[in-house]
Amino acid sequence: MSEAVVETNGPALALRGVRRAFQQAGAPDLSVLDGADLTIDAGEIVALVGPSGSGKSTLLQIAGLLERPDDGEVVLAGQAASGLGDGGRTRMRRRYLGFVYQYHHLLPEFSAEENVIVPQMVAGVGRKAARERARALLDRMGLATRGHHRPGQLSGGEQQRVAIARALANAPRVLLADEPTGNLDPNTADAVFNEFLRLVREEGLAALIATHNPELAARMDRVVTLREGKVVRA
Ligand SMILES: Nc1ncnc2c1ncn2[C@@H]1O[C@H](COP(=O)(O)OP(=O)(O)OP(=O)(O)O)[C@@H](O)[C@H]1O
């Protein structure tokens, strides 16, 4: 099968019959995802909830093409990922996906602005255009004056704002986030989450956001729950 990335209409992200089990020493395999189905339309923001250990991170890893399911299909921007090799999956990930994690994972030796520039240059964007996009995103996250600071010189909330700007740098089609404000105090989390949602809506992205916080989940377009390995309505 060709590894060329093709664009088609349809849902931004679809998971179909996704299964994933982990081996456990001396015990039967642990089935985490057992036929999970989920479709997210372009521009739709979906909260993913479920108890600790229900498989939210596993589902995000599979949706993000970072892990392969044992069975089932991931379709991103109309293209099924299962037929692709590692190179094709990496290209799809770079072209279509942005990630935000609980911990920011910024490069500590680089400034905030450079942290948003680097992934664009990896994707082939010229330095000048990448800098302009980085400045615009940081500005929209309320960090216009902090672009030259390194992560260690920023507060936790500011670091996470930079991580959000970085995730949006290459204008992904789908944003995947795992407890994006879970590391912040409640007030900061609230403010950062509002800005995050505003930016995702302004950019017209589809998003799947795992959270333990029901108040944050309620601000999204739709809430789905992982229960016994399946995606069900909340
Ligand atoms: N690589 C792995 N090897 C073995 N077991 C794993 C692996 N990754 C996840 N698991 C197990 O799969 C289950 C689901 O884990 P996962 O991290 O996806 O849950 P979660 O819903 O994101 O949990 P939390 O809300 O606590 O972050 C857990 O029981 C976990 O221990």
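Refer to the structure printed above.
Source: prediction; values computed, not measured.

## Considerations on the pairing of strand β7 (residues 174–178)
Moving on, step 1. With 5 of 5 residues buried, β7 lies mostly within the body of the structure.
Moving on, step 2. Residues Val-174, Leu-176 and Asp-178 point to one face of β7 and Leu-175 and Ala-177 to the other, with burial holding for every one of them.
Moving on, step 3. Relative to β7, strand β6 (residues 97–100) runs parallel, the two sharing 4 bridges. Within the sheet, the bridge partner assigned to Leu-97 lies in β7 and is Val-174.
Moving on, step 4. Pairing between β7 and strand β8 (residues 206–210): 5 bridges, direction parallel. Directly across from Leu-175, in β8, lies its bridge partner Ala-207.
Moving on, step 5. In this fold, β7 hands off to helix α6 (residues 186–203), which returns the chain to β8; that crossover is right-handed.

## Quick look at the site of the ligand
Moving on, step 1. Close to the ligand lie Phe-22, Leu-30, Val-32, Pro-51, Ser-52, Gly-53, Ser-54, Gly-55, Lys-56, Ser-57, Thr-58 and His-212, which account for all nearby residues.
Moving on, step 2. One of the side-chain N or O atoms of Ser-52 is found 2.5 Å from an oxygen atom in the ligand.
Moving on, step 3. Of all the elements in the fold, those that place two or more residues in the shell around the ligand are β2 (27–40) and α1 (56–63).
Moving on, step 4. No other element matches α1, which puts 3 residues into the shell around the ligand.

## Digging into the side chain of Glu-113
Moving on, step 1. Along the polypeptide, Glu-113 turns up in helix α3 (residues 112–122).
Moving on, step 2. A polar contact of 3.1 Å, which involves the side chain of Glu-113, links it to the side chain of Arg-135.
Moving on, step 3. Residues within four places of Glu-113 in sequence aside, it is in contact with Arg-131, Ala-134, Arg-135, Leu-138, Gly-147 and His-148.

## A closer look at the packing of helix α4 (residues 127–140) against α6
Moving on, step 1. The interhelical angle for the contact between α4 and α6, taken along N-to-C directions, is 130 degrees, at an axis separation of 10 Å. It follows from the interaxial angle that α4 and α6 lie oblique. For the pair α4 and α6, the contacting residues are Arg-133, Leu-137 and Arg-140 in the first and Arg-198, Leu-199, Glu-202 and Glu-203 in the second.
Moving on, step 2. Here the contact of α4 with α6 is built from residues that sort into 2 nonpolar, no polar and 5 charged.

## Topic: the layout of surface pockets
Moving on, step 1. Here the largest pocket is characterised by a volume of approximately 560 Å³.
Moving on, step 2. Together, 20 residues line the largest pocket, and Arg-94, Leu-97, Phe-99, Pro-119 and Asn-170 are the ones closest to its centre.
Moving on, step 3. Of all the elements in the fold, those that place two or more residues in the lining of the largest pocket are α2 (86–96), β6, α3 and α5 (156–168).
Moving on, step 4. Class assignment of the residues belonging to the lining of the largest pocket gives a composition of 12 nonpolar, 5 polar and 3 charged.
Moving on, step 5. Of the pockets and cavities examined, the second largest pocket occupies roughly 160 Å³.
Moving on, step 6. Lining the second largest pocket we find Glu-179, Thr-181, Gly-182, Leu-184, Pro-186, Ala-189, Asp-190, Thr-211, Asn-213, Glu-215 and Leu-216.
Moving on, step 7. When contributions to the lining of the second largest pocket are tallied by element, the ones reaching two or more residues are α6 and α7 (214–218).
Moving on, step 8. It is α6 that provides the largest number of residues to the lining of the second largest pocket, a total of 3 residues.

## A closer look at the packing of α3 against α4
Axis angle and axis distance: for two packed helices, these are the angle between their axes and the distance between the axes, and together they describe the pair.
Moving on, step 1. The interhelical angle for the contact between α3 and α4, taken along N-to-C directions, is 130 degrees, at an axis separation of 8 Å. It follows that α3 is oblique to α4 by the angle criterion. Regarding α3 and α4, the two cross each other, and that crossing is right-handed. Listed contacts from α4 to Ala-112, Glu-113, Val-116, Ile-117, Gln-120 and Met-121 of α3 are Arg-127, Ala-129, Ala-130, Arg-131, Arg-133, Ala-134, Arg-135, Leu-137 and Leu-138.
Moving on, step 2. Of the residues belonging to the contact of α3 with α4, the class tally is 9 nonpolar, 1 polar and 5 charged.

## Focus on α3
Moving on, step 1. Inspection of α3 places Ala-112, Glu-113, Asn-115, Val-116, Ile-117 and Gln-120 among the buried residues, and these make up the whole buried set.
Moving on, step 2. Contacts made by the buried residues of α3 are with α4 and α5.
Moving on, step 3. The positive-phi residue at the C-terminal boundary of α3 is Gly-124, with phi of around 95 degrees.

Rules behind the numbers
- Residues numbered from 1 in each chain as written.
- Predicted model: local features only at pLDDT ≥ 70, side-chain atom pairs only at ≥ 80, totals over all residues.
- Heavy atoms only, no water.
- Buried < 20%, exposed > 50% of the residue type's maximum accessible area, 1.4 Å probe, protein only.
- Helix = DSSP H or I, 4+ residues; strand = E, 2+ residues; numbered from the N terminus.
- Pairing = 2+ DSSP bridges.
- Right-handed = clockwise from strand over helix to strand, strands pointing away.
- Near = heavy atom within 4 Å.
- Polar contact = N/O pair within 3.5 Å; in protein donor to acceptor, adjacent residues only side chain to side chain.
- Contact = heavy atoms within 4.5 Å.
- Axes fitted to C-alpha atoms, helices over the stretch in contact; angles between N-to-C directions.
- Parallel < 35°, antiparallel > 145°, perpendicular 65-115°, else oblique.
- Nonpolar A, V, L, I, M, F, W, Y, C, P; charged D, E, K, R; others polar.
- 1 Å grid on protein atoms, 1.4 Å probe; cavity = no way out; pocket = protein on both sides within 12 Å on 5 of 7 lines; lining within 4 Å.
- Points joined across faces, edges and corners; volume = space filled by probe spheres on them.
- Left-handed = near helix turned anticlockwise from the far one by under 90°.

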